[in-house]
Amino acid sequence: MNKRLILTLCATLLLLPLSGWTQQEEAELTVKITPIKSHLYLLKGRGGNVMASIGDDGILIIDDDYNEYATAYHKALESISGTAGLPRFVVNTHWHSDHVGTNGYWGERGAVILAHDNVYARMSTRQEMKLFDRVVEPSPKPALPVLTYSDAMTLHFNGETVEVQHFPRGHTDGDSVIFFSAENVVHMGDHYFKDKFPFVDLGSGGNVISFTDNVAAVLAKIDDNTVIVPGHGELATRAELVRYHQMLRTTTERVKSMLSQGMSVEQIGEQGLGDEWDSWGQGFIDEPAWISFIAGSI
Ligand SMILES: [Zn+2]
């Protein structure tokens, strides 16, 4: 099986909505709850990491996984909060279906959905993801963000300042990173695949160079006590994010230098980036795919 095909299969598993699931199967889907600090929780189903702020002001969630997981998240939020388990606010870090899949479920139940302007633009129109040979149809109205912003938005919720900040040309063109000031927690969306090469969606306005700059900008805003919620993977420390940033910089420089020696992207993929980074290519994005994202960004 060639590398491109492996990438396509992995991507299909991660990004495609689950279809043809029976109600019985959906009822068996579970969400793992991990307390982060105080009123903040990490919830994990199958797609991107979901974070919840649950307190006197109600429930706010960052991202909301695949469509089929709606009732599993609803049960999880009910059990943590001891309430009806309905979020007042849903913040989307970006438009991919493994992060916005249950928007419609919450939108129909009264949640206000917030996201960057470009998330609205992409979710409300037909999108082609050429890399995966996939078309994403426009989302139904209840799933669309109703409050959008071009740069940043601040929520004052459950006793802290929740700063939602857009980082341009990152994983897509509409990514937000969310900082919880009082508890010193940050949700990075898909700017962070912990210990793995990230998916950078060049077709949705992403770019590896500015993606790397964005990660540096987050590093400059946080400290050694910050708890980091990646888009995919387990909770992380600043030191782990520093290592990820080193990977981004070093591998980009290596690809640039090999390209300048006249090597093709395929030749670089065959030669590889060195043993140091082997384990980083064992996730959703393998090394040849990562090399192609770098080459496509410079
Ligand atoms: Zn994504």
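Residues numbered from 1 in each chain as written. Predicted model: local features only at pLDDT ≥ 70, side-chain atom pairs only at ≥ 80, totals over all residues.

Let us now look at the sheet that holds strand E11 (residues 160-167). Across the sheet, 5 strands lie side by side as E10-E11-E12-E13-E14; this open sheet has mixed pairing. Unpaired on one side and paired on the other, strand E10 (152-157) and strand E14 (227-229) mark the two borders of the sheet. Across this sheet, the average inter-strand angle for adjacent strands is 15 degrees, counted without regard to direction. (Pairing = 2+ DSSP bridges. Helix = DSSP H or I, 4+ residues; strand = E, 2+ residues; numbered from the N terminus. Axes fitted to C-alpha atoms, helices over the stretch in contact; angles between N-to-C directions.)

The next point concerns the packing of helix H7 (residues 208-221) against helix H8 (residues 238-260). Two elements in contact, H7 and H8, have axes whose closest approach is 10 Å; the angle formed by their N-to-C orientations is 155 degrees. On the basis of their axis angle, the class for H7 and H8 is roughly antiparallel. Judged by the twist between their axes, the crossing of H7 over H8 is left-handed. Of H8, the residues touching H7 (which contributes Val208, Thr212, Val215, Ala216 and Leu219) are Arg238, Leu241, Val242, Tyr244, His245, Leu248, Arg249 and Thr252. Of the residues belonging to the contact of H7 with H8, the class tally is 8 nonpolar, 3 polar and 2 charged. (Parallel < 35°, antiparallel > 145°, perpendicular 65-115°, else oblique. Left-handed = near helix turned anticlockwise from the far one by under 90°. Contact = placed C-beta atoms within 7 Å. Nonpolar A, V, L, I, M, F, W, Y, C, P; charged D, E, K, R; others polar.)

Next up on the list: H7. Taking 1.5 Å per residue as the helical rise, H7 with its 14 residues ought to reach 20 Å, and the 20 Å between its terminal C-alpha atoms agrees with that figure. Of the positions making up H7, those classed as buried are Val208, Phe211, Thr212, Asn214, Val215 and Val218. One face of H7 carries all of its buried residues, which in axial projection span an arc of 155 degrees. Projecting away from the buried face of H7 at angles above 90 degrees are the exposed residues Ala220 and Lys221. (Expected span 1.5 Å × (residues − 1). Buried ≥ 20, exposed ≤ 12 C-beta atoms within 10 Å, placed from the backbone. Arc of directions from axis to C-beta.)

Moving on: the nonpolar core. Counting 70 residues, the largest nonpolar core has Met51, Ala52, Ile61, Tyr73, Val91, Ile178 and Val186 as the members making the most contacts within it. Not counting residues within four places of it along the chain, the set of residues in contact with Met51 comprises Leu40, Tyr41, Leu42, Ile61, Ile62, His187 and Val229. (Core = buried A, V, L, I, M, F, W, Y, C linked by C-beta atoms within 7 Å.)

If you walk across this open sheet you meet the 7 strands as E1-E2-E3-E4-E5-E6-E9, and the pairing is mixed. Strands at the two margins of the open sheet, each flanked by one partner only, are strand E1 (32-37) and strand E9 (147-149). Each strand axis lies, on average, 20 degrees off the axis of its neighbour in the sheet, ignoring direction. Across 4 bridges, the pairing between strand E2 (residues 40-44) and strand E3 (residues 50-55) is antiparallel. Opposite Leu43, over in E3, you have Val50 as the bridge partner. Packing of helix H3 (residues 70-81) onto the sheet brings it into contact with E1, E2, E3 and strand E4 (58-62), and relative to E3 it is tilted by some 35 degrees.

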